[in-house]
Amino acid sequence: MVITVFSPKGGVGKTTLTLALARVLSEDKKVCAVEADFSPGDFVSLLDLDKEKNIVNACLGDYRACLQRPAGEKFDVIVGGFPHMQENLKYADVEKLLNDISGEYDYVLIDLQPQISEPAVAALLKADRVLFVLEDDISAVSRTVGIIEYLKLHGFLDVSKACAVVNKVKGKKKYITAVDLGIPVVYSIPYLRRLSEYKDKKMIRHAKNLKDAFFEVKKEKSLLRRLLNGFKRVKQKDK
Ligand SMILES: Nc1ncnc2c1ncn2[C@@H]1O[C@H](COP(=O)(O)OP(=O)(O)O)[C@@H](O)[C@H]1O
Ligand SMILES: [Mg+2]
């Protein structure tokens, strides 16, 4: 399963949540976190990894040679790149990487940059699920509403696969409750003072709750769909 973590805004917690989810999911599943971020990416410095084993080399060469395992973790990663490198990647390159890699892992988590580009569109369209991350401020909420409309209009997002998490919540939520994103908000994470890294105990606890809420939504939806389909069948028989 490919899960793309996305936001039209930087600094909302995409990388933190991608890595925290990778840690949680890798407790009992095979997980790879791919940094599709050229702004530049953060994995190299955060996880102390080799910048040459990046997404461009993984797409254009043998991706297996670009897998790295962060110290103390049970998941693999492919690190992102720098701004100029993005032009080297086409939609089909990223599509192929994700096809190959998703055959090897139970979960492929993509930490996707805010800018829409060919690699980004591939990461959105090849995803089984898209997790939007936003903060409860006017700019993050309005940008998220805007980008969802834009992505829908261009056929870059299947909204039935999308849901959202609100991060860094301080007190009562104000803006997110006033708008309809058109996708379910599955979980909220409070602002964690003195958060030093994704491995922080409190962050991992929230990532576990987020994981449960995230998979629950899909289950509810498919149950609802099953009920609706059953209802349709009964109606057709009545005709
Ligand atoms: N719930 C939270 N509470 C407090 N700080 C957070 C929280 N989530 C993330 N951060 C901090 O916010 C900053 C940006 O997070 P990051 O994951 O790099 O965002 P993005 O990948 O969206 O740019 C980091 O310093 C991170 O530690
Ligand atoms: Mg990031």
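Residues numbered from 1 in each chain as written. Chains lettered and ligands numbered in written order. Predicted model: local features only at pLDDT ≥ 70, side-chain atom pairs only at ≥ 80, totals over all residues. Heavy atoms only, no water.

Before we move on, could you go through the nonpolar core and cite the residues and values that matter?
Looking at soluble globular proteins, one finds that nonpolar side chains tend to be buried together. With 44 residues, the main nonpolar core has Ile55, Ile101 and Phe132 as its most contacted residues. The element contributing the most residues to this core is helix H6 (residues 138-153), with five residues. For Ile101, the contacting residues outside a window of four places in its chain are Cys32, Val34, Tyr63, Ile78 and Val108. In terms of nonpolar packing, the next biggest core, distinct from the first, is built from 36 residues, Leu17, Leu49, Tyr198 and Leu210 among them. (Core = buried A, V, L, I, M, F, W, Y, C linked by side-chain atoms within 4.5 Å. Buried < 20%, exposed > 50% of the residue type's maximum accessible area, 1.4 Å probe, protein only. Helix = DSSP H or I, 4+ residues; strand = E, 2+ residues; numbered from the N terminus. Contact = heavy atoms within 4.5 Å.)

If you had to explain the sheet that holds strand E1 (residues 2-6) to someone new, which residues and values would you point to?
For sheets, the rule is that strands pair by backbone hydrogen bonds, running either parallel or antiparallel. Here seven strands make up an open sheet; going across it, the order is E3-E2-E4-E1-E5-E6-E7 and the pairing parallel. One side of each edge strand has no neighbouring strand; the edge strands of this open sheet are strand E3 (76-78) and strand E7 (185-190). When strand polarity is set aside, the average angle formed by the axes of neighbouring strands in this sheet is 20°. Of the strand pairs in this sheet, strand E5 (residues 129-135) and strand E6 (residues 162-169) are connected by six bridges, and their pairing is parallel. Paired with Val133 across the two strands is Val165, which belongs to E6. Its contacts with the sheet place helix H4 (residues 91-102) against E1, strand E2 (31-36), E3 and strand E4 (107-112), and it is angled at close to 150° to E4. Sheet strands touched by H6: E1 and E5. Its angle to E5, the strand with the most contacts, is close to 155°. (Pairing = 2+ DSSP bridges. Axes fitted to C-alpha atoms, helices over the stretch in contact; angles between N-to-C directions.)

Describe the packing of aromatic side chains, and please don't skip the residues or the numbers.
Going through the model one piece at a time under the given rule, you end up with four aromatic pairs. Consider the rings of Tyr107 and Phe215, whose centres lie 5.8 Å apart with planes at 50°: the pair is tilted. You can see Tyr107 sitting in strand E4 and its partner Phe215 sitting in helix H7 (residues 201-238), a full 108 residues away along the chain. Using a relative accessible area of 19% as the deciding quantity, one classes Phe215 as buried. A cation sits over an aromatic face here: Lys30 above Tyr105, 4.8 Å from the ring centre. (Phe/Tyr/Trp six-rings, centres within 6.5 Å; stacked < 30°, edge-to-face > 60°. Lys NZ or Arg CZ within 6 Å of the ring centre and 35° of its normal.)

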